Amino acid sequence: MSFNNLQLIEPVLQALDKEGYTHPTPVQEKSIPVILQKRDLLGCAQTGTGKTAAFVLPILQLMHEEKQNTEQTQHKIKALVLTPTRELAIQIGESIRAYGRYLPLRHHVIFGGVSQHTQVQAVRRGIDILVATPGRLLDLMQQGHVTLRDIQFFVLDEADRMLDMGFVHDVKRIITRLPSKRQTLFFSATMPNEIKQLASMLLNNPVRVEVTPPATTVDLIQQSVYYTEKHNKQSLLVHLLKDSSIENVLLFTQMKHAADKLARMLNNAGIRTEAIHGNKAQAARQRALENFKAKRTRVLVATDIAARGIDIDELTHVINFELPNVPETYVHRIGRTGRAGAKGVAISFCDWSEKIFLSDIQKLIKKTIPVVKSHSFDVPGMHDIIQPAGNFSYGNNRSGGMRKRHSRAFTQRA
Ligand code: AMP
């Protein structure tokens, strides 16, 4: 199928052409016609599938057509895209700019951690589409700078991540301020019960679109795991990075302080590295991201929340310095590479305490990740034991107990 079959208007098609997109991705193919028919949508799709264009393109089109039909010249906020992190908000803003380049619609992106002055000015001048993170949006609403009374399109992006980050309360408060007559598009990579409830609160007879469940999107990615002792992980990392075919690496750690420590260690070893996490000022995070995209740095160390949705074309490698205790997080992480059909490599380090996470991950993705044997920092004993030995017997309490212990890493604000 080509974009020409999707009833898109000429200025949108031209923008896609300019972006070099030739064919819609599955989520685009399924969602665009539904949204153009003004139906609500429940999308089960993760970042990397092309879901941003799947909702941005038809919204741009519907808004433009309505403006033309009613000969409106004013810019009122008619579309709200709510997304959990600043990085995602910025990326969605960039997508709207790119896809809407031939349309006279205005958008603006608002998020916390920076002065609100420019954001307030932009809203005052008039915008059609607002992309926002929940906290700052609520602030600006409470101060009377933003009203949602004209909203016709509401997109809730990465709903499961909103939940993980503790934003659901904010989201619910925002929802109460939306007009009841609107079109709602709801996206979530996973659909736990709480998300299903939120969806049923928000959506009116939605069409459900599901693309390659997370567990199968990883098929193009070459995965491997290195067993090693915790104290050898840094040496193993430096050793692996001697391989120059590893062009650029997104390196995941669980904790913010570990990200900085690793970045320092790698720079000392002569490997250009920066860290990106929630404690860094917004400008520093953007700079780190730009440097990485421009290949001025080779390694970007990130925590899950800071990296959520980061869109880096041609990312060759993802390395999990630690394995995540939530198996879906593994899928999100490695999905940063192998984008839009490209091949990618995902390497994971696994120490004794993480074997249980590895087994959860393998259950989720329904495959065994090949183990690299006989490397310089190998622990031969780990190859034989499937379940962790000794103290790592969590019994029925396993997931609850462990997940709680690490939960700080998943609830920090980005
Ligand atoms: P997303 O899932 O929205 O974060 O998109 C993932 C990546 O795919 C982004 O780099 C997009 O620019 C790219 N992309 C989206 N749609 C297409 C398409 N139809 N053809 C090629 N690349 C695309």
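Residues numbered from 1 in each chain as written. Predicted model: local features only at pLDDT ≥ 70, side-chain atom pairs only at ≥ 80, totals over all residues. Heavy atoms only, no water.

Colleague: Please clarify how the pattern of salt bridges should be interpreted in this entry.
Modeller: As a working rule, side chains carrying opposite charge can pair if their charged atoms are close by. Enumeration over the complete set of coordinates arrives at 11 salt bridges. Asp-128 serves as the salt-bridge partner of Lys-67, at 2.8 Å between the closest nitrogen and oxygen. A residue pair is termed long-range when its members are at least 10 positions apart, and Lys-67 in helix H3 (residues 51-70) and Asp-128 in the loop between helix H5 (117-125) and strand S4 (129-132) qualify at 61 residues. A salt bridge links Arg-285 to Glu-87; the shortest N-O distance between them is 2.6 Å. Note that Arg-285 is positioned in helix H13 (residues 282-293) and Glu-87 in helix H4 (residues 86-99), a separation of 198 residues in sequence. By the burial criterion, Arg-285 is buried, and Glu-87 matches it. (Salt bridge = Lys/Arg side-chain N within 4 Å of Asp/Glu carboxyl O. Helix = DSSP H or I, 4+ residues; strand = E, 2+ residues; numbered from the N terminus. Buried < 20%, exposed > 50% of the residue type's maximum accessible area, 1.4 Å probe, protein only.)

Colleague: How do you make sense of the nonpolar core when you look at a structure like this?
Modeller: Leu-8, Leu-16, Phe-55, Leu-57, Leu-60, Tyr-99 and Leu-185 are the most contacted members of the largest nonpolar core, which totals 43 residues. Elements that contribute at least two residues to this core include exactly helix H1 (10-19), helix H2 (26-36), H3, strand S2 (79-82), H4, S4, strand S5 (153-156) and strand S6 (183-188). Of all the elements, H3 adds the most residues to this core, at 9 residues. Contact partners of Tyr-99, with chain neighbours within four places excluded, come to Val-12, Ala-15, Leu-16, Glu-19, Tyr-21, Ala-53, Val-56, Leu-57 and Leu-60. If you look at the next biggest cluster of nonpolar residues, it comprises 36 residues, including Leu-137, Ile-151, Ile-175 and Met-191. (Core = buried A, V, L, I, M, F, W, Y, C linked by side-chain atoms within 4.5 Å. Contact = heavy atoms within 4.5 Å.)

Colleague: What's the story with the site of the ligand in this structure? I'm lost.
Modeller: Around the ligand, a shell composed of 15 residues is seen, among which Tyr-21, Gln-28, Gly-48, Gly-50 and Thr-52 lie nearest. The backbone of Lys-51 places a nitrogen or oxygen atom 3.3 Å from an oxygen atom of the ligand. Here the ligand, which alone exposes 490 Å², has 83% of that area covered by the protein. The residue makeup of the shell around the ligand, split by class, is 3 nonpolar, 8 polar and 4 charged. Looking at the shell around the ligand, you find at least three residues from each of domain 1 (3-210) and domain 2 (221-413). (Near = heavy atom within 4 Å. Polar contact = N/O pair within 3.5 Å; in protein donor to acceptor, adjacent residues only side chain to side chain. Areas by Shrake-Rupley, 256 points an atom, 1.4 Å probe, with all protein chains shown as cover. Nonpolar A, V, L, I, M, F, W, Y, C, P; charged D, E, K, R; others polar. Domains from an automatic or database assignment.)

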